[in-house]
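# Observations on chain architecture
Spelled out from the first residue to the last, the chains are:
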Amino acid sequence: MINISLNTQTVLVGVSMGIVVYYVIKRMRYRLPPGPWCIPFVGHYTVYSSLEVHRKVTELSKIYGPVVRLCFGSTTMVFLNDVEVVLEAMVKKKADFAGRPKIASGEMVSEGGKDIIFSTYTPTWKFHRRIAGKAIRHYLQGDLLENMIQNSMEEFLVKMAQEKEPFSVKNYVDRMVFHQLYTICFGEKRPIDDPEIEELLKLDDDIIEDFGVGVLEDIFPYLKDIYPTAKWKRMTDKMNRIMDILRTKFKQHVDTIEPGVNRDFTDSLLIARQEAENERDEAALEKLDDTHLIQTISDIFLAGVETTRFTMDWFVYFMTKHPEIQSKCQEEIDRVVGMERPSMKNRDNLHFIEACIFETLRLGNVAGVGPPHMTICDSQVGGYDIPKGTIVFINFWALHHDPKYWKDPEKFDPHRYLDDNDKLKPGKPDSWLPFSAGRRVCLGEIIAKPEILLMCANLLQRFEISLPDGVKPNLEPKMTGFGVEYPSEYRIIVRQRVVR
Ligand code: HEM
């Protein structure tokens, strides 16, 4: 008995020593980025349990430099906090940082990485990104996008004009965006109170609200198998319901698609599958199963809806808060567009509004620290080693508030982007990356920018937006996981400028 216990003790001590030596040797091989000390296996609890992860990490980067290493549970995470290191990692280092880690919530949402956002850097991911990119570009042909936006906005604008009491603009803006993305994905224009879209919006809102600081299962993944939290179960149920709706829409498309007709994004994906079938391209066909295609639709729908609607919510918020800037936008619309409906042909001349949208994308922190990246090989950034398999976040908030690039960073100032003649300065502004950069750059940027511009121009042409008398704007943003921020709900009043 004594012998067995001694042996067990010896083995345990030996294994523990072995683990410690392994980690010490592993660490010595690399020059890892700096970061504060933490309790082993618990990690930097005060950072990952906070909704303000982006602000906390920015504070730490003032001490440790632009590349900061932290532990969430026992997992090492690296945060990139200035534009030089972000561009070095995401662009200069080509695909080194283009992987995605398997995180429990991502795996759940993407049915095991079968989508674009959560799938790691593989030939299958590249293939689906290419097909989805082609399907999105379909909308940029002719006046498809413009007509779709005008159609889906009109009824909402008419209804807004009928509001007699102060009302929540978010109710309208969020629905406009939902209806637009629904039309892009499924072709149909639905009534403004359509129960299916209402259900999708509610499910999406519930998930955002619930996700809050994130789920424990992302830090301690084994929990979901042995004792899932109530939050995890709720999120899984809601996500399953969203996927059921998307599956039904997909099936309807499979049953009704006609040769030579491309009604929408879903049809574009089915046409890609049909082409692979015609060419007997077995390798492509393998990747084009129903699950992968439905997951791509879900990405466009969810990635597109949240970011776009929060950007619109922020835009209206800033316009309400700065009436003088709102008036300047309206002067520009009156001068460039007149009484006609704002359209794509005006795009190159709406410099001031575009500058306001740039500033909204900088200050409205809709991407937070973005979805996590992962190194697919040993690499380096900012002079530090980043071993293969390290999770890496871009702290967009830090980039967009970096005092090296932004004078008075908290101030909403569209003039930052304009030259002396009030024309947009050429090129992308420095340290401005709301759509990220490199291999994983946002797939929807080419559609999001004109969509947002047209919505903003339509809205401000039609209405003067203000707070009810005596009401001050609520400055406290609401926050959800990964540092995403959106404005608190508030009520506005509108005065019609143009009657149609
Ligand atoms: C204001 C609007 C938007 C903003 C600010 C935005 C921002 C972003 C950001 C920051 C990322 C993460 C990039 C990274 O991992 O480094 C991303 C990814 C993505 N976005 Fe957007 N986005 C917007 C609208 C859209 C729209 C409208 C769509 C679809 C039509 C879309 C589709 C996607 C997809 C599919 C990805 C994943 C790309 C990948 O992992 O390869 N986004 N977006």
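Numbering of residues begins from 1 in every chain and follows the order in which that chain's sequence is written. Local features are withheld for residues below a pLDDT of 70 in this predicted model, meaning they are given only at 70 or higher, and side-chain atom pairs are given and counted only at 80 or more; totals for whole chains, interfaces and linings count all residues. Excluding hydrogens and water, the side-chain values take into account all heavy atoms of the structure.

Moving on, we come to the overall build of the protein chain. Going along the chain from the N terminus, every DSSP run of H or I of four or more residues is numbered as a helix, and every run of E of two or more is numbered as a strand. A tally of helices and strands in the protein chain yields 19 helices and 11 strands. Here the radius of gyration uses the C-alpha set of atoms, whereas the globule reference equals 2.2 Å times the residue count to the power 0.38. A globule of 500 residues ought to have a C-alpha radius of gyration of about 23 Å, and the protein chain, at 24 Å, matches this closely. Seen through its C-alpha atoms, the protein chain measures out along the principal axes to roughly 90 × 55 × 40 Å. Taking all 500 residues of the protein chain together, 54% fall into the buried category. Every residue pair with non-hydrogen atoms within 4.5 Å of one another is taken to be in contact. Here the analysis covers contacts within the protein chain between residues at least 6 apart in sequence; of these, 73% occur between residues at least 24 apart. For the area figures, the Shrake-Rupley method with a 1.4 Å probe applies, and any residue is considered shielded solely by the protein chains shown. Here the protein chain has roughly 23,600 Å² of accessible surface; of this, 56% comes from carbon and sulfur atoms. Counted as positive: Lys and Arg. Counted as negative: Asp and Glu. His and the chain ends are not counted at all. In this description, the location of a charge corresponds to atom NZ of lysine, CZ of arginine, CG of aspartate or CD of glutamate. Here the protein chain carries 65 positive and 72 negative side-chain charges, and the mean point of each set is 4 Å from the other. Relative accessibility under 20% of the residue-type maximum defines a buried residue, over 50% an exposed one, and the middle range a partly exposed one, all with a 1.4 Å probe and only protein chains included.

Before going further, it helps to examine the sheet that holds strand β2 (residues 75–80). Spatially, the 4 strands line up as an open sheet ordered β1-β2-β7-β4, and their pairing is mixed. The sheet is open, and its two edges are formed by β1 (67–72) and β4 (373–374), each paired on a single side. Strands are treated as partners if at least two bridges between them are detected by DSSP. Across 6 bridges, β1 lies against β2 in antiparallel orientation. Looking at the pairing, Phe72 lines up with Thr75 of β2. Helix axes use the C-alpha atoms of the stretch in contact, all axes being lines fitted to C-alpha atoms, and the angles between their N-to-C directions lie in the range 0 to 180 degrees. The sheet contacts of helix α3 (residues 53–64) involve β1 and β2, and relative to β1 the element is tilted by about 130 degrees.

Being near a molecule or strand, for a residue, comes down to having at least one heavy atom within 4 Å of it. Taken together, 28 residues sit near the ligand, with Arg100, Arg129, His373, Ser436 and Cys442 positioned nearest. Within the side chain of Arg100, an N or O atom sits 2.8 Å from an oxygen atom of the ligand. Here Ser436 contributes a side-chain N or O atom positioned 2.6 Å from an oxygen atom of the ligand. Mapped onto the shell around the ligand, the elements with two or more residues apiece are α6 (123–137), α15 (290–321) and α19 (445–462). With 6 residues, α15 is the single largest residue contributor to the shell around the ligand. The class makeup of the residues in the shell around the ligand is 18 nonpolar, 7 polar and 3 charged. By the criterion applied in these results, polar contacts are pairs of N or O atoms within 3.5 Å in which, for protein atoms, one can donate a hydrogen and the other can accept it, and in which residues neighboring in sequence qualify only through two side-chain atoms. Amino acids are sorted into nonpolar (Ala, Val, Leu, Ile, Met, Phe, Trp, Tyr, Cys and Pro), charged (Asp, Glu, Lys and Arg) and polar (every other residue, Gly among them).

Moving on: the layout of surface pockets. Approximately 490 Å³ is the volume attributed to the second largest pocket. With a 1 Å grid laid over protein atoms only, a set of points is called a cavity when a 1.4 Å probe fits there but cannot get out and a pocket when it is open yet has protein on both sides within 12 Å along at least five of seven lines; lining residues have an atom within 4 Å of a point. Lining the second largest pocket are 30 residues, with Tyr48, Phe72, Val213, Asp218 and Ile219 positioned closest to its centre. Taken together, the residues of the lining of the second largest pocket break down into 21 nonpolar, 7 polar and 2 charged. Grid points are joined across faces, edges and corners, and a volume is the space filled by probe spheres set on the points.

With that settled, consider the coordination of the iron atom of the ligand. No protein donor other than Cys442 (SG) coordinates the iron atom of the ligand, and that contact is at 2.3 Å. Counting through the fold element by element, Cys442 comes out in the loop between α18 (396–400) and α19. Distances define the donors: N, O and S atoms within 2.8 Å of the metal qualify, as do those within 3.2 Å of Na, K or Ca. Water is excluded, so some sites may look unfinished.

Per the stated rule, a full pass over the model turns up 3 cavities of 30 Å³ or more. Taken together, Ser168, Val169, Lys170, Asp313, Pro487, Ser488, Glu489 and Tyr490 form the lining of the second largest cavity.

This part covers the packing of aromatic side chains. Side-chain rings of Phe, Tyr and Trp (the six-membered ring for Trp) are treated as a pair once their centres are within 6.5 Å; stacked means planes under 30 degrees apart, edge-to-face means over 60, and tilted covers the remaining angles. What the rule picks out here adds up to 22 aromatic pairs. Ring plane angle 75 degrees and centroid distance 5.9 Å describe the contact between Tyr317 and Tyr490, whose orientation is recorded as edge-to-face. Placement of Tyr317 in helix α15 and of Tyr490 in the loop between β10 (484–487) and β11 (491–496) is noted, with a sequence separation of 173 residues between them. For Tyr317, a relative accessible area of 6% gives the class buried. Measuring from centroid to centroid gives 4.5 Å for Phe318 and Phe412, while their planes differ by 25 degrees, and the two rings are stacked. Separated by 94 residues along the polypeptide, Phe318 in helix α15 and Phe412 in the loop between α18 and α19 bring together distant segments of the chain. Like Phe318, the residue Phe412 is buried in the burial classification. Connected via pairs of aromatic rings, a cluster forms that spans Tyr45, Tyr48, Phe72, Phe79, Phe211, Phe393 and Phe482. Of note, Lys249 hangs over the ring of Phe186, and the distance from its end group to the ring centre comes to 5.8 Å. For a ring to carry a charge above it, either NZ of a lysine or CZ of an arginine must fall within 6 Å of the ring centroid while also lying within 35 degrees of the normal to the ring plane. Its end group placed over the ring of Trp406, Arg362 keeps NZ or CZ at 4.8 Å from the ring centre.

We call a set of buried Ala, Val, Leu, Ile, Met, Phe, Trp, Tyr and Cys residues a nonpolar core when their side-chain atoms join them within 4.5 Å. Ranked by internal contacts, the top residues of the largest apolar core, which has 110 residues, are Met160, Met176 and Phe265. No other element matches the 15 residues that α15 contributes to this core. Among residues more than four places away in sequence, those in contact with Phe265 are Ala132, Ala135, Ile136, Tyr139, Ile184, Cys185, Thr296, Ile297 and Ile300. In terms of nonpolar packing, the next biggest core, distinct from the first, is built from 18 residues, Val67, Val83, Val85 and Tyr384 among them.

As a further point, take the packing of helix α8 (residues 169–186) against α15. Closest axis-to-axis distance for the α8/α15 pair is 9 Å, and the angle between their directions is 150 degrees. Here α8 lies roughly antiparallel to α15, going by the angle between them. Seen from above, α8 lies across α15 with right-handed handedness. Together, Val169, Lys170, Val173, Asp174, Val177, Phe178, Leu181, Tyr182, Cys185 and Phe186 of α8 and Ile297, Ile300, Phe301, Gly304, Val305, Thr308, Arg309, Phe310, Met312, Asp313 and Val316 of α15 make up the contact between the two elements. Our angle categories are set so that under 35 degrees counts as roughly parallel, over 145 as roughly antiparallel, 65 to 115 as roughly perpendicular, and the remainder as oblique. What makes a crossing left-handed is the near helix being turned counterclockwise from the far one by less than a right angle; a clockwise turn instead makes it right-handed.

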